[in-house]
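Each chain, letter by letter, is given below.
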2 protein chains.
Amino acid sequence: MKHLIITVLAALMLLPASAQQELKGGAKGAPLINKDNSVTFSIMAPEAKKVTLHLDYTDDADMQRQADGTWTLTTQPLKPELYRYNFIVDGVKVNDSNNVYSIRDVSTVMSMFIIDGDDEPCPYSVTNVPHGNVSQVWYDSPTLGTKRRMCVYTPAGYEESHSRYPVFYLLHGSGGDETAWLEHGRAAQIADNLIASGKADPMIIVMPNGNVDENAAPGAAETGLVNPTFAHDKWMEGTFEGSFKDIVDYVDSHYRTMKLKRKRAIAGLSMGGYHSLYISANNPSEYGYVGLFSAAINPKQGVSSPIYDDMEEKVKTQFLQHIKLYWIGIGEDDFLYKDNARFTRMLDKNRCRYTYEESSGGHEWRNWRKYLVKFLPLLFK
Amino acid sequence: MKHLIITVLAALMLLPASAQQELKGGAKGAPLINKDNSVTFSIMAPEAKKVTLHLDYTDDADMQRQADGTWTLTTQPLKPELYRYNFIVDGVKVNDSNNVYSIRDVSTVMSMFIIDGDDEPCPYSVTNVPHGNVSQVWYDSPTLGTKRRMCVYTPAGYEESHSRYPVFYLLHGSGGDETAWLEHGRAAQIADNLIASGKADPMIIVMPNGNVDENAAPGAAETGLVNPTFAHDKWMEGTFEGSFKDIVDYVDSHYRTMKLKRKRAIAGLSMGGYHSLYISANNPSEYGYVGLFSAAINPKQGVSSPIYDDMEEKVKTQFLQHIKLYWIGIGEDDFLYKDNARFTRMLDKNRCRYTYEESSGGHEWRNWRKYLVKFLPLLFK
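Residues numbered from 1 in each chain as written. Chains lettered and ligands numbered in written order. Predicted model: local features only at pLDDT ≥ 70, side-chain atom pairs only at ≥ 80, totals over all residues. Heavy atoms only, no water.

## What to know about the overall build of chain A
A count of helices and strands for chain A gives 10 helices and 18 strands. Its C-alpha radius of gyration of 23 Å places chain A within 12% of the 21 Å reference for a compact globule of 381 residues. If one aligns the C-alpha atoms of chain A with their principal axes, the spans along those axes are about 70 × 45 × 45 Å. Looking at chain A residue by residue over its 381 residues, the buried ones come to 59%. Accessible surface computed for chain A: about 15900 Å², of which carbon and sulfur atoms make up 51%. (Helix = DSSP H or I, 4+ residues; strand = E, 2+ residues; numbered from the N terminus. Rg over C-alpha atoms; globule rule 2.2 N^0.38 Å. Buried < 20%, exposed > 50% of the residue type's maximum accessible area, 1.4 Å probe, protein only. Areas by Shrake-Rupley, 256 points an atom, 1.4 Å probe, with all protein chains shown as cover.)

## Quick word on the interface of chain B and chain A
The interface is formed by 50 residues belonging to chain B together with 50 residues belonging to chain A. Among the residues of chain B in contact with chain A, Val100, Tyr101 and Leu225 of chain B are the three that bury the most area, contributing 16% of the side total. Of the charged contacts, one joins Glu47 of chain A and Lys49 of chain B as a salt bridge, the two residues approaching to 3.8 Å between their closest N and O atoms. It is strand β11 (residues 133-141) of chain B that contributes the most residues to the side of chain B that touches chain A, 6 residues altogether. Looking at the side of chain B that touches chain A residue by residue, the class counts come to 24 nonpolar, 17 polar and 9 charged. Alignment of strand β11 (residues 133-141) of chain A against β11 of chain B, held across 3 bridges, turns out to be antiparallel. Residue pairing across strands places Val134 of chain A opposite Gln136 of chain B, the latter belonging to β11 of chain B. (Contact = heavy atoms within 4.5 Å. Buried area = accessible area lost by both parts, 1.4 Å probe. Salt bridge = Lys/Arg side-chain N within 4 Å of Asp/Glu carboxyl O. Nonpolar A, V, L, I, M, F, W, Y, C, P; charged D, E, K, R; others polar. Pairing = 2+ DSSP bridges.)

## Remarks on the pairing of strand β3 (residues 51-55) of chain B
All names here are of chain B. Counting buried positions along β3 yields 4 of 5 residues, so the element is predominantly enclosed. Bridging between β3 and strand β7 (residues 81-89) involves 5 bridges; their strand directions are antiparallel. Looking at β7, one finds that Leu55 is bridged to Tyr85. Direction of pairing for β3 relative to strand β4 (residues 61-62): antiparallel, over a ladder of 2 bridges. Bridging across to β4, Thr52 finds its partner in Asp62. Where β3 folds back on β4, the antiparallel hairpin that results is connected by 5 residues, among which Tyr57 adopts a positive phi of roughly 70 degrees.

## Quick notes on the relation of the copies chain B and chain A
In the superposition of chain B on chain A (RMSD 0.0 Å, axial shift 0.0 Å), the rotation amounts to 180 degrees. This pairing of chains is accounted for by a two-fold axis. Scanning chain B for the C-alpha nearest the rotation axis identifies Ser135 of chain B, at a separation of 2.0 Å. Most of the interface of chain B is mirrored in chain A, where 100% of its interface residues again form contacts. (Least-squares fit on C-alpha atoms with pLDDT ≥ 70 in both.)

## What about the pairing of strand β6 (residues 70-74) of chain A?
Within a regular strand, the side chains alternate between the two sheet faces. All names here are of chain A. Here 5 bridges tie strand β2 (residues 39-44) to β6, and the two strands are oriented antiparallel to one another. Across the sheet, residue Ser42 finds its bridge partner in β6, namely Thr72. Counting the residues between successive antiparallel strands, the hairpin from strand β5 (residues 64-65) to β6 contains 4 residues, one of them, Gly69, with a positive phi of roughly 95 degrees.

## What to know about the packing of aromatic side chains
Going through the model one piece at a time under the given rule, you end up with 56 aromatic pairs over all chains. Measuring from ring centre to ring centre gives 5.6 Å for Tyr85 of chain B and Phe113 of chain B, while their planes differ by 65 degrees; the resulting arrangement is edge-to-face. Taken as a pair, Tyr85 of chain B in strand β7 and Phe113 of chain B in strand β10 (residues 108-115) lie far apart in primary sequence, 28 residues in all. Overall, the relative accessible area of 3% leaves Phe113 of chain B in the buried class. Each ring, one from Phe230 of chain B and one from Trp235 of chain B, has its centre 6.0 Å from the other, and the planes form 85 degrees; the classification is edge-to-face. Through a chain of ring-to-ring contacts, three or more aromatic side chains come together here, namely Phe168, Trp181, Phe293, Trp327, Trp365, Trp368, Tyr371 and Phe375 of chain A. Taking the ring centre of Tyr124 of chain A as reference, the NZ or CZ of Arg369 of chain A above it sits at 5.1 Å. (Phe/Tyr/Trp six-rings, centres within 6.5 Å; stacked < 30°, edge-to-face > 60°. Lys NZ or Arg CZ within 6 Å of the ring centre and 35° of its normal.)

## A look at the sheet that holds strand β6 (residues 70-74) of chain B
Strand pairing in a sheet takes place through backbone hydrogen bonds and is either antiparallel or parallel in direction. Residues and elements named next belong to chain B. Taken together, 4 strands build an open sheet; the order of strands is β1-β2-β6-β5 and the sheet is antiparallel. Each of the sheet's edge strands pairs with one partner strand only, and the pair in question is β1 (32-33) and β5 (64-65). Bridge count between β1 and strand β2 (residues 39-44): 2 bridges; the pairing is antiparallel. Its bridge partner being in β2, Leu32 is matched across the sheet by Thr40.

## Overview of the sheet that holds β5 of chain A
With respect to topology, 4 strands assemble into an open sheet ordered β1-β2-β6-β5 (chain A), the strand pairing being antiparallel. Both outer strands of the open sheet, β1 (32-33) and β5 of chain A, are each paired with one neighbouring strand and no more.

## Some words on the packing of helix α4 (residues 187-196) of chain B against helix α9 (residues 365-375) of chain B
All names here are of chain B. Where α4 contacts α9, the two axes come as close as 10 Å, and the packing angle between them is 30 degrees. As judged from the angle between their axes, α4 and α9 are roughly parallel. Judged by the sense of rotation from one axis to the other, the crossing of α4 with α9 is right-handed. When α4 is examined against α9, the residues Ala187, Ile190 and Leu194 are found in contact with a partner set consisting of Arg369, Leu372 and Val373. Grouping the constituent residues of the contact of α4 with α9 by class yields 5 nonpolar, no polar and 1 charged. (Axes fitted to C-alpha atoms, helices over the stretch in contact; angles between N-to-C directions. Parallel < 35°, antiparallel > 145°, perpendicular 65-115°, else oblique. Left-handed = near helix turned anticlockwise from the far one by under 90°.)

## Things to note about the pattern of salt bridges
All names here are of chain A. Under the defined criterion, the tally for this structure stands at 30 salt bridges over all chains. Among the ionic pairs, Lys316 bridges to Glu313, the shortest N-O distance being 3.4 Å. Note that Lys316 and Glu313 are positioned in helix α8 (residues 311-320) at a spacing of 3 residues, about one turn of the helix. For Lys316, a relative accessible area of 28% corresponds to the partly exposed category. Between Glu364 and Arg366 there is a salt bridge, with the nearest N and O atoms lying 3.2 Å from each other.

## Some remarks on the environment of Ala45 of chain A
With respect to the element layout, Ala45 of chain A can be found in the loop between β2 and β3 (51-55). According to the relative accessible area criterion, Ala45 of chain A is buried, its value standing at 0%. A C-alpha to C-alpha distance of 8.6 Å links Ala45 of chain A and Arg65 of chain A, two positions 20 residues apart in sequence. Excluding anything up to four places from it in sequence, Ala45 of chain A contacts Gly69, Trp71 and Val89 of chain A together with Val92 of chain B.

## Topic: helix α5 (residues 239-254) of chain B
Residues and elements named next belong to chain B. Relative to the 22 Å expected for 16 residues at 1.5 Å per residue, α5 spans 23 Å between its end C-alpha atoms, a close match to the ideal helical length. The sharpest bend along α5 measures roughly 25 degrees and falls at Lys245. The complete set of buried residues in α5 reads Phe240, Glu241, Ser243, Phe244, Asp246, Ile247, Val248, Tyr250, Val251 and Asp252. At its buried positions, α5 is contacted by β11, β12 (146-154), β13 (167-171), β14 (204-207), β15 (264-269) and α6 (271-282). (Expected span 1.5 Å × (residues − 1). Bend = angle between axes of the 7 residues up to and from the residue.)

## Remarks on the side chain of Ser359 of chain B
All names here are of chain B. Within the secondary structure layout, Ser359 lies in strand β18 (residues 355-359). For Ser359, a relative accessible area of 14% corresponds to the buried category. A distance of 3.2 Å separates a polar atom in the side chain of Ser359 from a polar atom in the side chain of Asn367. Discounting chain neighbours no more than four positions away, the residues touching Ser359 are Ile330, Gly331, Glu332, Asn367 and Tyr371. (Polar contact = N/O pair within 3.5 Å; in protein donor to acceptor, adjacent residues only side chain to side chain.)

## Topic: the packing of α6 of chain B against helix α7 (residues 311-320) of chain B
Residue and element names in this part refer to chain B. Orientation of α6 relative to α7, taken along the N-to-C sense of each, is 65 degrees, at an axis distance of 8 Å. By the criterion of interaxial angle, the relationship of α6 to α7 is roughly perpendicular. Crossing hand, α6 versus α7: left-handed. Along its contact with α6, which presents Leu277, Tyr278, Ser280, Ala281 and Asn282, the element α7 presents Met311, Lys314, Val315 and Gln318. Looking at side-chain class alone, the contact of α6 with α7 contains 5 nonpolar, 3 polar and 1 charged residues.

This is the structure in structure tokens:
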């Protein structure tokens, strides 16, 4: 890699000064983010016959071989967003060895970078604002008979304060775990930035693990360095929802929380939206704010649980008991679009008032991060 | 990757049943850890001309091309240890896309796995014992005029207890940050395992960031997704040691600590050993236990700070004030061996009694993890 760094540095030194000044993120490591938000990728692969760039939200593109064996590609200007990418070198997937930042999604790890706006940083960037603490916490689940791990965000000032705080339970989707909203979802950065700007209230954010057959994220439990899987032996069959009270009990007894419906929110993406729907519907006096982000709505085929019975009646009761916000976000290309459309028709039929956000795109983190940015400022008002 | 998984699965199905039963870690994902602790690596690269395995503590070895385009290599049986590796495919460094676990060391990310012993797990593995919590904590440093991040391990039971706990300050080396002892050093797993077996006392472990020109690990501060560097603008010039009191003050005011010299330890590797030496020598009434792991001993050329003046006199005073343990570990091939030898001769000359551990190997994490395993059980007795 030393060789590659030297080569890249040498290449940079050959650039005219004006071109160097165009670099916006060049000093921040690979890839080079240019001033116009185009991005220059490079990989040294002198013996390769073909190198392709695989970049989120774009078509795969062939890179160009330079005389020194470096393959390069400069994109069109990119919108502010978090992007993942890798190189395909003669058919072999390669992450960028000049970039230490990566994101795992289920069992796939890809290099990542963030494009900031011209006038303001991307809400997923770390900015010069007070930061909340993030803890990996082992809690006791009497219902499941085991200790399990969750991640907890406490806002800046919590440690110095004596106040009580509202709590937001934020749930991951299938293939995720208690780290997903922090890693892929940038929840801590989003919360830091929105709280610092006054757009969101300071709050505790609790991110549990929704897979009841694992006590912690892959690698963090005694099952060892397992390969993460999308599906689990026990999932979406009611056990997580039925044991969720253990999490709330732990949080309310170990943190300075406001134990009030109007100071408690729950939301999640995909399977986590499904969990949020049924946990809140089965506990209509508990959650004042509910968010379904590209939520699964219907139980899996063959699954039967009292948790999922009489959903329409439960939801009607939930709305009759005055929910402050019921927020539904879905992408127009999401494979769960129809299920969400049927669900909102059911809500309409029963005169349940909800907030509906239809975005472009499909079942993807780009949407879930955006939904979180929209959802957080609506909480606890 | 789906194609590769199918290929590997297909290859496994072709193995005779007896060979399949030899797999010890096969179910845990890539690489395949065989029953005799040999390890089988594989990468699908049909068009490659040459694929080399780069594996910690071994010589680089050429992999063999199989008919289907997979390149494979099975090692000799490996000792219990944490190993990093990658593949060199026609000159391009490639991490194992079938293995989501990796470790960053300064700016290099490599795939990793752990070999357990036949009779007991490697102390770096997650085992079925109570786990401590790990928190990323932003503390105020009045001396530096900024908020900075540290990682804090609180042992299992801390949250439910009303007791006070001893504190161990554990410092990283050059190129590291507050995450280094957790990621590369496996400090949480080592502490979990030693505390659960009764070999070490429950303790709080505080891992600060020793680079005063960065407030948090690369990627976690407002400087953005920077490329991590080994050297810093301000390092080993006294500022970290001079501001260390801020960390102790924060910990003592935010955790249930025992504020006693005999319940406070400090240790570190390389630069962190240097920090431990001078912080403890300048505060002889503060630290009952000191550990120098492959420590730098001498200030960098041209550096002058009251922190580093009169070191011999300060250390003599420190020992006169009854230190409970002064532990020095160094590898026989370490480039700092001579400096440590001169330092121990100075201690001998002044009749300062210390514990000395000379290991094989050099300036490497393999040694620092082992030193931690030896050091923790000696604390707070």
